[in-house]
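# Tertiary structure, described
Next come the chains, spelled out residue by residue.
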Amino acid sequence: MVNAALKSSTCMAYTRNLAALRFAFSHCVSLHQRTLASESKQFQARCGKIGAVVTKTEARNSKPIVALLGWNSAQDKHLAKYSEIYEKKGFDTVRISANPFSTFIFLHRAKNVAQNLLDILVEMRSDQDCSVIIHAFSMGGFNVYHFMRQAILSPGHQHFNFIHIIGCIFDSCPHFPGMHSLPGIQSSIVETIPNPLAKVVVWIGLGITCPVVFC
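Parameters and conventions
- Residues numbered from 1 in each chain as written.
- Predicted model: local features only at pLDDT ≥ 70, side-chain atom pairs only at ≥ 80, totals over all residues.
- Heavy atoms only, no water.
- UniProt positions renumbered as here; feature names shortened; annotations may be inferred.
- Phe/Tyr/Trp six-rings, centres within 6.5 Å; stacked < 30°, edge-to-face > 60°.
- Helix = DSSP H or I, 4+ residues; strand = E, 2+ residues; numbered from the N terminus.
- Buried < 20%, exposed > 50% of the residue type's maximum accessible area, 1.4 Å probe, protein only.
- Lys NZ or Arg CZ within 6 Å of the ring centre and 35° of its normal.
- Pairing = 2+ DSSP bridges.
- Axes fitted to C-alpha atoms, helices over the stretch in contact; angles between N-to-C directions.
- Contact = heavy atoms within 4.5 Å.
- Right-handed = clockwise from strand over helix to strand, strands pointing away.
- Left-handed = near helix turned anticlockwise from the far one by under 90°.
- Nonpolar A, V, L, I, M, F, W, Y, C, P; charged D, E, K, R; others polar.
- Patch = residues over 30% accessible without salt bridge, like charges linked within 9 Å, V, L, I, M, F, W, Y side chains within 5 Å.
- Areas by Shrake-Rupley, 256 points an atom, 1.4 Å probe, with all protein chains shown as cover.
- Salt bridge = Lys/Arg side-chain N within 4 Å of Asp/Glu carboxyl O.

- Named according to an unreviewed UniProt entry, the protein chain is Transmembrane protein 53 originating from Acropora cervicornis.
- Under the UniProt heading Subcellular location (unreviewed entry), the entry covering the protein chain gives this text: "Nucleus outer membrane".
- Per UniProt, the protein chain carries the Sequence similarities (unreviewed entry) text "Belongs to the TMEM53 family."

This is the structure we're talking about:
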């Protein structure tokens, strides 16, 4: 009888814990889903274009938006952990990860990402002052921040002086590139290529071209 009671009690405790975990997970997922569901199709398309994940904690939030600019090839499940810290404090957030090709080779792509992100930020605060806190990770995040700042400080740009960056956090801030950066650049780009032969070709190609650029 005692053993049966203990087993029953353990089973009930396990069931309650499992239910609590399921509720917490569904709450996190539904918060993002509710955010998207309440936005226009154009806004959803813009987010999808650059892989942005937007979470609004309140219908009308006067706090600054926190923009998390991820490192190269960052997975959203990792960025979400940082985003959750701000969301628990009542901040609306938007997060994106960086593409190493855009960071090191096709800079115009990073510039386009920055432009789309600015559009998203403006739409998130279309009826009030748009203040933003930037949390940029590594070189990938810093690159996007650079193009964002360049745009909002350029007279004649559509977002000139409209978005106010009131704070920046540089997490693993990039250093001045040089030959010491080469292994990191090679690894960052090559890990996104599935074909083994292509990996070798790109690795060697970067090893040849990067020193010329650095010099």
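## Remarks on the packing of aromatic side chains
- The final tally for this structure, using the stated rule, is seven aromatic pairs.
- Ring centres of W71 and Y82 lie 6.4 Å apart, and the angle between their planes is 80°; on these two criteria the pair is classed as edge-to-face. With a gap of 11 residues between them, W71 in strand β2 (residues 65-72) and Y82 in helix α3 (residues 76-88) connect regions that are remote in the sequence.
- Seen from their ring centres, Y82 and F137 are 4.8 Å apart, and the 65° between their planes marks the pair as edge-to-face. With Y82 in helix α3 and F137 in strand β4 (residues 130-137), the pair connects residues that are 55 residues apart, well separated along the chain.
- On the basis of relative accessibility, which here comes to 32%, the residue Y82 falls in the partly exposed class.
- Assessed through its relative accessible area of 4%, F137 is described here as buried.
- Three or more aromatic residues link up through ring pairs in this structure, and these residues are W71, Y82 and F137.
- Directly above the aromatic system of F91 lies the positively charged group of K63, at a separation of 5.1 Å from the ring centroid.

## Structural notes on the environment of N99
- By the secondary structure assignment, N99 is in the loop between β3 (93-98) and α4 (100-104).
- Put simply, N99 and G140 are 41 residues apart on the chain and 7.0 Å apart in space, counted from C-alpha to C-alpha.

## Notes on the sheet that holds strand β1 (residues 53-55)
- The strand order β1-β3-β2-β4-β5 describes an open sheet built from five strands, whose pairing is mixed. The open sheet has two free edges, formed respectively by β1 and β5 (163-171), since each of these has just one partner strand. The average undirected angle you get between the axes of adjacent strands in this sheet is 15°.
- Bridge count for β1 against β3 is three bridges, and the pairing is antiparallel. Of the residues in β3, the one forming a bridge with V53 is R95.
- Its contacts with the sheet place α3 against β1, β2, β3, β4 and β5, and it is angled at close to 155° to β3.
- Docked against the sheet, helix α6 (residues 138-152) engages β2, β3, β4 and β5, running at close to 150° with respect to β4.

## As for the pairing of β2
- Taking burial as the measure, the eight residues of β2 include seven buried ones, the bulk of the element.
- Direction of pairing for β2 relative to β4: parallel, over a ladder of five bridges. Bridged to L69 within β4 is A136.
- With five bridges connecting them, β2 and β3 associate as parallel partners. Its bridge partner lying in β3, N72 is registered against A98.
- Viewed along the sheet, the connection from β2 through α3 into β3 turns out right-handed.

## Remarks on the environment of H108
- With respect to the helices, strands and loops of the structure, H108 is situated in helix α5 (residues 107-124).
- The exposure class of H108 is partly exposed, given its relative accessible area of 47%.

## A closer look at the packing of helix α2 (residues 41-50) against α5
- Where α2 contacts α5, the axes come no closer than 10 Å and their chain directions differ by 145°. Here α2 runs over α5; the crossing is left-handed. Judged by residue contacts, F43, R46, C47, K49 and I50 of α2 engage V113, N116, L117, D119, I120, E123 and M124 from α5.
- Within the contact of α2 with α5, the residues separate by chemical class into seven nonpolar, one polar and four charged.

## Some words on a nonpolar patch on the surface
- Taken together, the side chains of V200, I204 and I208 make up a nonpolar region of the molecular surface, amounting to roughly 290 Å² of accessible area.
- Take V200: it is sitting in helix α8 (residues 196-214).

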